[in-house]
Amino acid sequence: MKLKFLGKSMASILAITALSVGCSNHSPDDTASATPSEPSPTSLPPDSLPIKMKEAAKDGLGFSARDATDLGRTVDLQHAELWRACLTRKGAGPDSIDIGAVPRGEECPTHWNAHVPPLKTPDLIGKDFEKSYVQLLKKGYNSRFIDVFYGNDGIVDQQDVSRVHGEVCSQSPKPGEPYDASQNVKLHVAIGKCPSA
């Protein structure tokens, strides 16, 4: 019973978060923030993760969202609209389901924990931070595991990422390294352009 309540609560929290993100995705100078804007519920495709979570909550089911592949990515519920629901199975608790998802743009696997080639870390050096951040999210990187260092300010709180504007000067892991779910991505961003070597 607790799981059912948790699923309903999570759906409510996601709905409220979606509304707040949709209302605040522009900075005062009216440029888009690094966080992608939340599509309206009517524009989301039927296989989108938020739609499947709402359906589960409407049916009175608790739910969890997991990577459907063997990459072990943590599904980023702050950016659930970038994930598509592929598989479902009975959950650990009564009246609950597990939803297997992959980032939008990836093919759905035919079974749970399907092997897929490891992702390669994209080359973001010298590129615009906002576009790079969105690229990482669309590849399935979780925003909680992306550490952003801005100028000399040190690490940026997640809620302040939208104020970061400039070029990515260095990154870890290095471009081309295989994705590792246990590793944080670190981006060092210049205020403007990176200093020349």
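Residues numbered from 1 in each chain as written. Predicted model: local features only at pLDDT ≥ 70, side-chain atom pairs only at ≥ 80, totals over all residues. Heavy atoms only, no water.

A. Up close: the state of the cysteines. Taken as a whole, this structure holds two disulfides when the rule is applied. At a sulfur-sulfur separation of 2.0 Å, the disulfide partner of cysteine 86 is cysteine 108. Residues cysteine 86 and cysteine 108 share a disulfide whose torsion about the S-S bond is about -70°; that sign makes it left-handed. Pair noted here: cysteine 86 is in strand β2 (residues 83-90) and cysteine 108 is in the loop between β3 (96-103) and α3 (129-138), with a separation of 22 residues, a long-range link. Note on cysteine 86: relative accessible area 23%, which makes it partly exposed. (Disulfide = S-S within 2.5 Å. Helix = DSSP H or I, 4+ residues; strand = E, 2+ residues; numbered from the N terminus. Buried < 20%, exposed > 50% of the residue type's maximum accessible area, 1.4 Å probe, protein only.)

B. Region of interest: the sheet that holds strand β1 (residues 62-67). The mixed open sheet is built from three strands, whose spatial order is β1-β3-β2. The open sheet has two edge strands, β1 and β2, and neither has a second partner. Across the sheet, the mean angle separating the axes of adjacent strands is 30° when strand polarity is ignored. Looking at chain direction, β1 and β3 are connected through six bridges and run parallel. Within β3, the residue paired with arginine 66 across the bridge is glycine 100. Each of β1, β2 and β3 touches helix α2 (residues 49-58); the most contacted strand, β3, lies at about 175° to it. (Pairing = 2+ DSSP bridges. Axes fitted to C-alpha atoms, helices over the stretch in contact; angles between N-to-C directions. Contact = heavy atoms within 4.5 Å.)

C. View of the nonpolar core. Residues Leu49, Phe129, Ile146, Val148, Leu187 and Val189 are the most contacted members of the largest nonpolar core, which totals 32 residues. Among the secondary structure elements, those contributing two or more residues to this core are α2, β2, β3, α3, β4 (146-150) and β6 (185-189). Ignoring anything within four residues of it in the chain, the contact list for isoleucine 146 reads Tyr133, Leu136, Leu137, Tyr141, Val185 and Leu187. (Core = buried A, V, L, I, M, F, W, Y, C linked by side-chain atoms within 4.5 Å.)

D. Structural view of the confidence of the model for the protein chain. On average, residues of the protein chain score 82 in pLDDT, and 78% of them reach the 70 mark or higher. Of the regions scoring below 50 in pLDDT, residues 1-39 engages in 48 contacts with residues more than four places distant in sequence or in other chains. (pLDDT = per-residue confidence, 0-100.)

E. Representation of the sheet that holds β4 in the model. One open sheet holds the three strands; their spatial order is β4-β6-β5, and the pairing between them is mixed. On the outer flanks of this sheet lie β4 and β5 (168-172), each paired with one strand and no other. Neighbour-to-neighbour, the strand axes of the sheet open up by a mean angle of 15°, direction not taken into account. Taken together, the five bridges between β4 and β6 define a ladder with parallel strand orientation. The partner of tyrosine 150 across the bridge, within β6, is valine 189. In the packing of α3 onto the sheet, contacts are made with β4, β5 and β6, and the angle to β4 comes to roughly 170°.

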